[in-house]
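Below, each chain spelled out in residue letters.
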Amino acid sequence: MAVTLPKLFIIESLNLEDEAHHREGEIISSVLRMTGHEPIYRYVRTRAELSHFINEFRRSRYRWLHLSVHGNHDLIALTLDQLNAEQFASIVGPALDDRRRLFLSTCKAATAELAEAIFQQGRCLSVVGPVKTIRFGDSAIFWASFYHLMLKQNGRRMLGTEIEKVIAKMGTAVERQFRLIKPDADRKAIERLLPEKLPKRDGKKKR
């Protein structure tokens, strides 16, 4: 197993309307740089560009990949292209070798089906992403805080138990559940929702 660097590689792709004002990945990169880390940030618009920068991620030896894109249960949407689960996994999965992790900032796309397609392509340790839709502001706050807390606790490793604790803590803060998906011995997806339950707010139904 090759040695990877405990650093974050961010790839972002939004629709044309959101490009100017909602670059969450750029915000996360800025926050991490303020705290002394060295993330790499890349913006893409097409499938070809995604493939190019996924290859850069693989060569960089950075350990953690964050993808900030639009999506739903059936597809990943780039600015000018769309990918189904198999297409996406064929690009991203092989780069997640050497026990790397994938963090998906995309509405509804972090499913067991997508994660399993990725697990079959490489040695990815886990996939994390929101269960339902999430506002840009809440998403930016969640991810920037998640990475800050994880790297503050242990700048060189992201342990599974600590990931679960921080996801549950920050998910509660932004009132959204996140799906943590790991592979079993046969590379099949095992998922857990964090936090397990969201607090009930006065006058509103439980989400």
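Details of the structure are given in the entry above.
The present account deals with the structure reproduced in this document.

The next thing to look at is the packing of aromatic side chains. Think of a pair of aromatic rings as described by two things: how far the centres are apart, and how the planes are tilted against each other in angle. Taken as a whole and judged by the stated rule, the model has 12 aromatic pairs. Between the aromatic rings of F9 and Y62, the centroid separation amounts to 6.3 Å while the plane-to-plane angle is 85 degrees, which identifies the pairing as edge-to-face. One end of the pair, F9, is in strand β1 (residues 5-13); the other, Y62, is in strand β3 (residues 62-71), with 53 residues separating them in the sequence. Of the two residues, F9 and Y62, neither departs from the other in class, the shared state being buried. Taking the centre distance of 5.5 Å and the plane angle of 55 degrees together, the rings of F103 and F146 count as tilted. Separated by 43 residues along the polypeptide, F103 in strand β6 (residues 101-105) and F146 in helix α5 (residues 136-153) bring together distant segments of the chain. By the burial criterion, F103 is buried, and F146 matches it. Following the ring pairs from residue to residue traces out a cluster consisting of F103, F142, W143, F146, Y147 and F178. Seen from the ring of Y43, R23 lies directly overhead, with NZ or CZ sitting 3.9 Å from the centre. Over the face of the ring belonging to F57 we find R100, whose NZ or CZ atom lies 4.5 Å from the ring centre.

Summarising burial for β6: 5 of the 5 residues are buried, a large majority. Judged by which residues are buried, β6 turns out to be covered on both faces: R101, F103 and S105 on one side and L102 and L104 on the other are all buried. Both β3 and β6 contribute to a ladder of 5 bridges, which runs parallel. Within the sheet, the bridge partner assigned to S68 lies in β6 and is S105. Direction of pairing for β6 relative to strand β7 (residues 126-130): parallel, over a ladder of 3 bridges. Its bridge partner lying in β7, L102 is registered against V127. Assessed by its sense of winding, the connection that carries the chain from β6 through helix α4 (residues 112-119) to β7 is right-handed.

Turning next to the packing of helix α3 (residues 85-92) against α4. Where α3 contacts α4, the two axes come as close as 8 Å, and the packing angle between them is 40 degrees. Handedness of the crossing formed by α3 with α4: right-handed. Listed contacts from α4 to A85, F88 and A89 of α3 are L114, A117 and I118. Its residues assigned to classes, the contact of α3 with α4 comprises 6 nonpolar, no polar and no charged.

Basis of the calculations
- Residues numbered from 1 in each chain as written.
- Predicted model: local features only at pLDDT ≥ 70, side-chain atom pairs only at ≥ 80, totals over all residues.
- Heavy atoms only, no water.
- Phe/Tyr/Trp six-rings, centres within 6.5 Å; stacked < 30°, edge-to-face > 60°.
- Helix = DSSP H or I, 4+ residues; strand = E, 2+ residues; numbered from the N terminus.
- Buried < 20%, exposed > 50% of the residue type's maximum accessible area, 1.4 Å probe, protein only.
- Lys NZ or Arg CZ within 6 Å of the ring centre and 35° of its normal.
- Pairing = 2+ DSSP bridges.
- Right-handed = clockwise from strand over helix to strand, strands pointing away.
- Axes fitted to C-alpha atoms, helices over the stretch in contact; angles between N-to-C directions.
- Left-handed = near helix turned anticlockwise from the far one by under 90°.
- Contact = heavy atoms within 4.5 Å.
- Nonpolar A, V, L, I, M, F, W, Y, C, P; charged D, E, K, R; others polar.

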